[in-house]
Amino acid sequence: MASNHHKIRKTGRNIVTYSFLIVWLIFALFPIYWVAIMSIKDVGSVYGTLPTYIPYIDFQPCFRAWARVIGGASVDGVRVVSPVLGRGARYLINSILVAGGSSVITVALGTLAGYALTRFKYRRISNDGIAFFILSQRIFPPVALAVPFFILFAWAGMVDELPSLIIVYSIMNMPIVTWIVKEFFNDIPKEIEEAAMVDGSSRWNTLLKIFIPLAIPGVAVAFLFSFVFAWNEFLLALVLTFENNTLPVTMSGMWNVRGPRYWDIAANAMVIMLPPLVVTILANKYIIKGLSLGAVDGG
Amino acid sequence: MTDRSDSTMKYIFIVPVLAYILVIAIFPLLFSLFLSLSRWTPGARGLEFIGLDNFRALAGDSRFWEAFRRTLGYVLALIVFQWILGTFIAALLQKNIKGKSIFRVCYMFPMLLSPIAVAYAFKMIFDFSRGPANHFLRLFGVAPVEWLSGSTPAFITLVIVDVWQWTPFMILTILAAFENIPQQMYEAAVVDGAKPFRIFWRITLPLALPIVMTVTLLRTIDAFKVFDTIYILTGGGPGRSTELVNFYIYLVGFRAFNLGYGAAMSWVQLFLIIIIFTYYIRSLKRIGGLR
């Protein structure tokens, strides 16, 4: 009798727990879902009296926005292309070049630093001191860097050029990349390397043969993070470029072009959200560790 | 022999990063300090040294101080909501839940998304006549809200967007902190017959506190940087009700091209943030957080 009573109370508590978790789940996924279905709506289903929620049930999907995103569509004989592929996909290519280029620099330097901070001992400035100095770069709001960078790049004739964005993003991501790499390298047992060196292998050799193969996953995760943050960045690209834009800047101008064309905005937003979604699925084990700068494991 | 090559390698590995940071980050910051003492005009005149004029003007610029007060309110609101929601949901997830890993991965999706795309998503959701937010409210008989064109609702909208994107971070870090607590800590309490709520309040939460405070610090640092969502959702309006410091600096620096004044404002902001963090970190060290 008593245990039965206990059981009912436990089931009741479980129902409450699951309903809260599911409410948050819906809250977390709904905006992404909304953008996804908005991208397959047309004028009629967007500007109806009530919002519609489920394709084929309360509205007929229309893939014209995606046609424009993928290859361009003809309207009255004029080819219309979405910003994602605008000007010969220039903005898309810019975004990839800037995110990729800056990540290569950041990860290369960050990996060296991560190795140095976990394998060597610095006496004059302690390892912790160096690590904190690198991390402290994170405190500066991007706008505080945008102001001096704008003038310096203007003097160097680099405004509206991709290298300026590559440089700025590489420094923006340096703290988080160094930190992620350092956390990963800390977990690689030093004993294997030490044993190899005792056996007469030089440090370079040990590094190439033993350390690097073990270090690749950590470096890859750091690269993915760095790529996504550069891909998403908006403010610095907004002020440092005029025509040679990246996707976020191009997209930011979409709202008032001939009234909000929700479906086009949504289709472009889906494209820009794609790399982060893929990275979330691929690297979800490391996201919490990465974003909390190693403060928690969260696997 | 290994010793000598080691000591050169030691520097070969660390000097590039430090040099890169010094040239690419520290030098522009020092330059911006010089900039804050100057007037910059686009075109031929260039830089003109004007001493402390920018800072004098700033002291009397009520628009800046209002923006700063608003920013503090925004950051505080975010941290409080994300803290409470994060702790609450982490406490639920901590139990033996079926499908835990599915919840976990789905909760992660918002964090890495482009703020621009996220802002557009919410612009559509909070649309006055066509958005699902007002449609949802109407089901409960609540009158539609001017989410983006009323001053308080617009501010609340910005808070909601950040709560959406970053509460997951708090949920998952706090959850990790909870799960790190060794099982023995609970055993004595269970033997004493303590109620689950009491155990949570007296054992789980205090033991997790250092990590919780550390991630709160990280969240606070990032919360001050808000810009993208304001740019897309409200443009600082209606009026100036959502004009936070970074947005005001952007308007002054890159719309009015008063870069010297913009630099002065970023330094004052940075100075104020550092004061706040110094106090915060000091109290953090006292409770044993921050490793």
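Residues numbered from 1 in each chain as written. Chains lettered and ligands numbered in written order. Predicted model: local features only at pLDDT ≥ 70, side-chain atom pairs only at ≥ 80, totals over all residues. Heavy atoms only, no water.

## Quick word on the overall build of chain A
- Along chain A, the regular secondary structure elements total 13 helices and two strands.
- The globule rule puts the C-alpha radius of gyration for 299 residues at 19 Å, and the 25 Å found for chain A is more than 25% above it.
- Principal-axis analysis of the C-alpha atoms gives chain A an extent of 80 × 75 × 35 Å.
- For chain A, restricting intrachain contacts to residue pairs at least 6 apart in sequence, the fraction spanning at least 24 positions comes to 68%.
- Of the roughly 13,500 Å² of accessible surface on chain A, a fraction of 67% belongs to carbon and sulfur atoms.
- If the 23 positive side-chain charges of chain A are averaged to one point and the 16 negative ones to another, these points end up 6 Å apart. (Helix = DSSP H or I, 4+ residues; strand = E, 2+ residues; numbered from the N terminus. Rg over C-alpha atoms; globule rule 2.2 N^0.38 Å. Contact = heavy atoms within 4.5 Å. Areas by Shrake-Rupley, 256 points an atom, 1.4 Å probe, with all protein chains shown as cover. Lys, Arg positive; Asp, Glu negative; His and termini not counted. Charge placed at Lys NZ, Arg CZ, Asp CG, Glu CD.)

## Quick look at the side chain of Glu-243 of chain B
Residues and elements named next belong to chain B.
- Inspection of the secondary structure puts Glu-243 in the loop between helix H10 (228-233) and helix H11 (245-255).
- Among the polar contacts listed, one links the side chain of Glu-243 to the side chain of Arg-63, at a separation of 2.8 Å.
- If we ignore the near neighbours within four places in the chain, the residues touching Glu-243 are Arg-63, Ala-67, Arg-70, Gly-236, Tyr-248 and Leu-251. (Polar contact = N/O pair within 3.5 Å; in protein donor to acceptor, adjacent residues only side chain to side chain.)

## What about the domain arrangement of chain A?
Residues and elements named next belong to chain A.
- If you check the domain split of chain A, you get domain 1 (2-82) and domain 2 (84-291).
- Each of domain 1 and domain 2 was reduced to a C-alpha centroid, and the two centroids are 31 Å apart.
- The interface is formed by 18 residues belonging to domain 1 together with 15 residues belonging to domain 2.
- Each partner contributes to the roughly 1,400 Å² buried at the junction of domain 1 and domain 2, and carbon and sulfur atoms together form 75% of this total.
- Scanning the region where domain 1 abuts domain 2 turns up zero salt bridges.
- Seen at the junction of domain 1 and domain 2, the total is zero residue pairs in polar contact (both at pLDDT 80 or more).
- For the side of domain 1 that touches domain 2, the elements supplying multiple residues, two or more each, are helix H1 (2-38), helix H2 (43-46) and helix H3 (64-70). (Domains from an automatic or database assignment. Buried area = accessible area lost by both parts, 1.4 Å probe. Salt bridge = Lys/Arg side-chain N within 4 Å of Asp/Glu carboxyl O.)

## Description of the interface of chain B and chain A
- Listed per partner, the contact involves 96 residues of chain B and 98 residues of chain A.
- Carbon and sulfur atoms supply 81% of the area buried between chain B and chain A, which totals about 9,000 Å² over both sides.
- The largest share of the area that chain B buries against chain A comes from Phe-13, Leu-112 and Met-124 of chain B, three residues that together contribute 9% of it.
- Across the salt bridge formed by Arg-138 of chain A and Asp-222 of chain B, the nearest N and O atoms sit 2.7 Å from each other.
- Between chain B and chain A we count 16 residue pairs in polar contact (both at pLDDT 80 or more) in total.
- The dominant element in the side of chain B that touches chain A, judged by the number of residues it contributes, is helix H1 (residues 2-35) of chain B, at 21 residues.
- When grouped by side-chain class, the residues that make up the side of chain B that touches chain A number 71 nonpolar, 12 polar and 13 charged. (Nonpolar A, V, L, I, M, F, W, Y, C, P; charged D, E, K, R; others polar.)

## Remarks on the pattern of salt bridges
- Tallying each qualifying case throughout the model produces 13 salt bridges over all chains.
- Among the salt bridges present, the one from Asp-53 of chain B reaches Arg-56 of chain B, with a minimum N-O distance of 3.0 Å. Pair noted here: Asp-53 of chain B and Arg-56 of chain B are both in helix H2 (residues 53-59), with a separation of three residues, about one helical turn.
- It is possible to trace a salt-bridge network through shared partners that takes in Arg-138 of chain A together with Asp-222 and Lys-225 of chain B.

## Here we look at the packing of helix H8 (residues 184-191) of chain B against helix H9 (residues 196-223) of chain B
Residue and element names in this part refer to chain B.
- The contact between H8 and H9 brings their axes to 11 Å, and the two run at 165°. What the angle tells us is that H8 and H9 run roughly antiparallel. The two elements H8 and H9 meet at a crossing, and its hand is right-handed. Mapping the contact onto sequence places Met-185, Tyr-186, Ala-189 and Val-190 in H8 and Ile-199, Ile-203, Thr-204 and Leu-207 in H9.
- Within the contact of H8 with H9, the residues separate by chemical class into seven nonpolar, one polar and no charged. (Axes fitted to C-alpha atoms, helices over the stretch in contact; angles between N-to-C directions. Parallel < 35°, antiparallel > 145°, perpendicular 65-115°, else oblique. Left-handed = near helix turned anticlockwise from the far one by under 90°.)

## Some points on the confidence of the model for chain B
- Confidence in the prediction of chain B, expressed as mean pLDDT, is 88, and 96% of residues score 70 or more.
- Reported confidence for the predicted complex is 0.88 by ipTM and 0.89 by pTM. (pLDDT = per-residue confidence, 0-100.)

## Notes on the environment of Thr-52 of chain A
Residues and elements named next belong to chain A.
- Considering the arrangement of structural elements, one finds Thr-52 in the loop between H2 and H3.
- Sequence separation between Thr-52 and Trp-34 is 18 residues; the distance between their C-alpha atoms is 9.8 Å.
- The residues touching Thr-52, leaving out its near neighbours within four places in the chain, are Trp-34, Ile-37, Lys-41, Ser-45, Asp-58 and Phe-59.

## Some words on a nonpolar patch on the surface
Residue and element names in this part refer to chain B.
- A cluster of nonpolar side chains, namely Phe-136, Leu-139, Phe-140 and Val-142, defines an oily patch on the protein surface of about 460 Å² accessible area.
- Take Leu-139: it is sitting in helix H6 (residues 132-139).
- Since its relative accessible area comes to 66%, Leu-139 is described here as exposed. (Patch = residues over 30% accessible without salt bridge, like charges linked within 9 Å, V, L, I, M, F, W, Y side chains within 5 Å. Buried < 20%, exposed > 50% of the residue type's maximum accessible area, 1.4 Å probe, protein only.)

## Observations concerning a positive patch on the surface
- On the surface, Arg-9, Lys-10 and Arg-13 of chain A together with Lys-95 and Lys-195 of chain B cluster together to form a positively charged patch.
- Among the structural elements, Lys-10 of chain A can be located in helix H1.

## Notes on the packing of aromatic side chains
All names here are of chain A.
- Applying the stated rule across the entire model yields 44 aromatic pairs over all chains.
- Between Phe-184 and Tyr-286 the ring centres are 5.2 Å apart and the planes differ by 55°, which places this aromatic pair in the tilted class. Placement of Phe-184 in helix H8 (residues 174-187) and of Tyr-286 in helix H13 (residues 262-291) is noted, with a sequence separation of 102 residues between them.
- In this structure Phe-184 comes out as buried when scored by relative accessible area, which is 15%.
- Here Tyr-286 falls in the partly exposed class, since its relative accessible area comes to 30%.
- Aromatic pair Phe-185 and Phe-211: ring centres 4.7 Å apart, planes at 80°, arrangement edge-to-face. With Phe-185 in helix H8 and Phe-211 in helix H10 (residues 203-232), the pair connects residues that are 26 residues apart, well separated along the chain. (Phe/Tyr/Trp six-rings, centres within 6.5 Å; stacked < 30°, edge-to-face > 60°.)

## Considering the nonpolar core
- In this structure, Leu-291 of chain A together with Tyr-74, Tyr-107, Met-111 and Tyr-250 of chain B are the most contacted members of the largest nonpolar core, which totals 199 residues.
- Taken domain by domain, this core gets at least three of its residues from each of domain 1 (2-82) and domain 2 (84-291) of chain A.
- Non-local contacts of Tyr-250 of chain B, meaning those with residues more than four positions away in its chain, are made with Val-143, Leu-235, Leu-238 and Val-239 of chain A together with Phe-227, Tyr-231 and Arg-255 of chain B.
- Judged by nonpolar contacts, the second largest core, of five residues, contains Ile-181, Tyr-186, Ala-189 and Ile-199 of chain B. (Core = buried A, V, L, I, M, F, W, Y, C linked by side-chain atoms within 4.5 Å.)

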